[in-house]
Amino acid sequence: MSARPLGRFLRDRGARAALAVLALVTLACLIGPHLTGHAPERAYPDLRQLPAGLAAEPSPERLRAALDRIAFRMRARVEAASVSDGTLRLALAADAPIDRRSLVYLPRSDLVGPPRVVAAEDGDRRLAVEAPVRRLHFLLGTDVHGRDLLTRSLVAGRVSLLIGLTATLAALAIGVAYGAVSGYAGGAVDALMMRAVDVLYALPFVFFVIVLVVVFRPGLGLVLFAIAAVEWLDMARIVRGQAQALARRDFVRAARALGLGARAILARHIVPNALGPIAVAATLIVPRVILTESFLSFLGLGVQEPATSWGVLVAEGARSIESAPHMLAAPAVFLVATLVALNTLGDRLADALDPRGGGRRG
Amino acid sequence: MIGLVLRRLAEAVPTLFVIVAGSFFLMRLAPGGPFDLERPLPPAAMENLARVYGLDQPLPVQFGRYLAALARGDLGPSFSYRDLGVADLLARGLPVSLTLGALALLLALTLGIGLGGLAALRRGGPADRLVGLGAALALSLPSFVVAPLLQIAFGLSLRWLPVSGWEGGSPAHLVLPVLTLALPQVGAVARLTRASLAEALAAQPVRTMRSLGLPPGRVLRHALRGALLPVIALAGPLAAALLTGSVVVETIFGLPGIGRYFVEGALNRDYTLVMGTVVLVGAFVVLFNLAADLLALWADPRLRQAA
């Protein structure tokens, strides 16, 4: 991209906004999971399907419910429970002496810290216990297993973005090489190569991808391969058109007359001069890849648990939309924001590169 | 003209062959077969099943048989639905998917051309910006996000429309699936119409007509004729996208169309059902592309001249 289209591109408010959104999402996905304070796989069984919010968990009601459950497992009853200054004061009672080792159930719930017995009566039939209450934050709520949705959405974003980038790079490599050779060679070679692309183009590809994924076990690698195998076709067509036009230009003819080989001409003259349209096409392939991946994952044919992606999370959210709509909202917002930003970026890039001076947006 | 139609038809043959061969060999490469159940069958029973379905023959023989049967319109028996042929299953699902697809196509074209046209006429104005934003959003909203939102809004909160089901194709059951299916395509058509109509309106012939004082309606009709050519060319891929999209839509809304049979067949390794679906969908895509080509040929004198 020469200086003027680049300047035009950077002055474009839409383009800058899209870039900012993308940078933000990427950065959040990269470092965010370390900052949320929850491991993506960490499940809090007592804090399932919490709505999004700023309040610290466990809330008094949820703590009480959890304590009743824990006491039952300890073969004891909760006589009284109060929280002050972040400390839980718990009075437990039972018909038989309470086994103090079973107090380990308390910290295992991840809701309170290590407990301390402050008083015992009746030969351990009544225990007074103190424990620090954890203050956990789930900004976007939790899922059906009580896992932090924000952390999971960010970790899922890593997978989705990674698939988007890698599959696009693969499609880019295949498509550019194929298209450049076809367009530069021309004649019968070109006709044959493009005929093959036409045939592949007419295939109902998503159906083939699904067959592929079912035939071999679903997983990240296969999803990547299947998507790249589909997406290179567009790139090949675009690059071929560019190469065809460039091959007739004087500087290419001069290079050929000077004895430069076909490979060198392709690498030094054809591909570099087609970089603009290639960049636009690549930018628009990324959202399509992410969409295809989430589509497959939604059907249960893409990324598999325990790995996750936005498609997986959206599918989980869609399944529990009646009881916990936030489970759909959180990953969907990330997914849609990224897709909108990428699509906008591609469009604005195309406008900036348009020699008519971005005239499409008048 | 007739020669051209025949040539296009002939060109569709290798595409169809690749579709049939591709789906056949892919499914046969698969580890695991249609009779792998949770509790394995005794080996003798497996052998019998394989013999009945011709799975014990070498692959080329099986492929030859399949092609021969296909030529007779026989898609073979389904492996997972006993007593039913694949052709029967697809014949059941096809009306559902076609109704869905046709309505979505209609909606995408009318709404898309209308909105895109409006944006082109009010270029740079608030209507244009709104359409542009809406189209970008429509293109980026995955159907599996839109569908649950529509379900919760119109089905669960407002209770205007049923959440899922088919019920013989009653209009109420069709609204949400068709909306979901059509939404991204409305965006695509609106964008294309806007871009190409805006270009046509700025082109020399239209400026000349305007300067000659022709009524705006006639000028617009003239500009639209040329501007809609790319939209016609989009109709082929559009139909293909609708068929693909119906896989998700049918799954979410519980519609008994071919998309759902396909997903079920793929998960159960029902070879013949999956192949049958792919061949059918492939044939439809080829057919739609052909129709779009011919339509473009009929509408565009330049193409006719070149041919």
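Everything numeric in this text was worked out from a predicted model, so none of it was measured. (Residues numbered from 1 in each chain as written. Chains lettered and ligands numbered in written order. Predicted model: local features only at pLDDT ≥ 70, side-chain atom pairs only at ≥ 80, totals over all residues.)

### Quick notes on the interface of chain A and chain B
Contacts between chain A and chain B engage 33 residues on the former and 40 residues on the latter. Going through the elements one at a time, α7 (205-215), α11 (275-298), α12 (310-319) and α13 (326-353) of chain A are the ones with two or more residues in the side of chain A that touches chain B. For the side of chain A that touches chain B, a count of residues per class yields 27 nonpolar, 4 polar and 2 charged. (Contact = placed C-beta atoms within 7 Å. Helix = DSSP H or I, 4+ residues; strand = E, 2+ residues; numbered from the N terminus. Nonpolar A, V, L, I, M, F, W, Y, C, P; charged D, E, K, R; others polar.)

### Points about the confidence of the model for chain B
Mean pLDDT for chain B: 79, with 93% of residues reaching 70 or above. Model confidence for chain B, summarised as mean pLDDT per element, is weakest for helix α13 (residues 301-306) of chain B at 68 and strongest for helix α4 (residues 86-121) of chain B at 86. (pLDDT = per-residue confidence, 0-100.)

### Comments concerning the domain arrangement of chain B
What the domain assignment reports for chain B is domain 1 (2-71) and domain 2 (91-256). For domain 1 of chain B versus domain 2 of chain B, the distance between C-alpha centres works out to 37 Å. (Domains from an automatic or database assignment.)

### A short note on the packing of helix α5 (residues 149-185) of chain A against helix α10 (residues 262-273) of chain A
All names here are of chain A. Where α5 meets α10, the closest approach of the two axes is 11 Å, and the angle between their N-to-C directions is 110°. The orientation of α5 relative to α10 falls into the category roughly perpendicular. In this structure, α5 uses Val 176, Ala 180, Val 181 and Tyr 184 to contact α10, whose residues at the interface are Ala 262, Leu 266, Ile 270 and Val 271. A breakdown of the residues in the contact of α5 with α10 according to their chemical character gives 8 nonpolar, no polar and no charged. (Axes fitted to C-alpha atoms, helices over the stretch in contact; angles between N-to-C directions. Parallel < 35°, antiparallel > 145°, perpendicular 65-115°, else oblique.)

### Concerning the environment of Asp 95 of chain A
Structurally, the position occupied by Asp 95 of chain A is in the loop between β3 (87-93) and α4 (105-108). Residues Asp 95 of chain A and Arg 75 of chain A lie 20 residues apart in sequence; the distance between their C-alpha atoms is 8.7 Å.

### Points about the sheet that holds strand β4 (residues 116-121) of chain A
Residue and element names in this part refer to chain A. Judged by pairing direction, the sheet is antiparallel, and its 4 strands sit side by side in the order β2-β3-β5-β4 without closing on themselves. Each having just a single partner strand, β2 (77-84) and β4 make up the two edges of the open sheet. The sheet shows a mean angle of 15° between the axes of neighbouring strands, taken without regard to direction. Against the sheet, helix α3 (residues 60-73) engages β2 and β3, with an angle of about 145° to β2. (Pairing = 2+ DSSP bridges.)

### Describing the packing of α4 of chain B against helix α5 (residues 126-140) of chain B
Residue and element names in this part refer to chain B. Where α4 meets α5, the closest approach of the two axes is 7 Å, and the angle between their N-to-C directions is 140°. On the basis of their axis angle, the class for α4 and α5 is oblique. Crossing hand, α4 versus α5: left-handed. Here α4 contributes Leu 115, Gly 116, Leu 118 and Ala 119 to the contact with α5, which in turn contributes Ala 127, Asp 128, Val 131 and Gly 132. When its residues are assigned to classes, the contact of α4 with α5 shows 5 nonpolar, 2 polar and 1 charged. (Left-handed = near helix turned anticlockwise from the far one by under 90°.)

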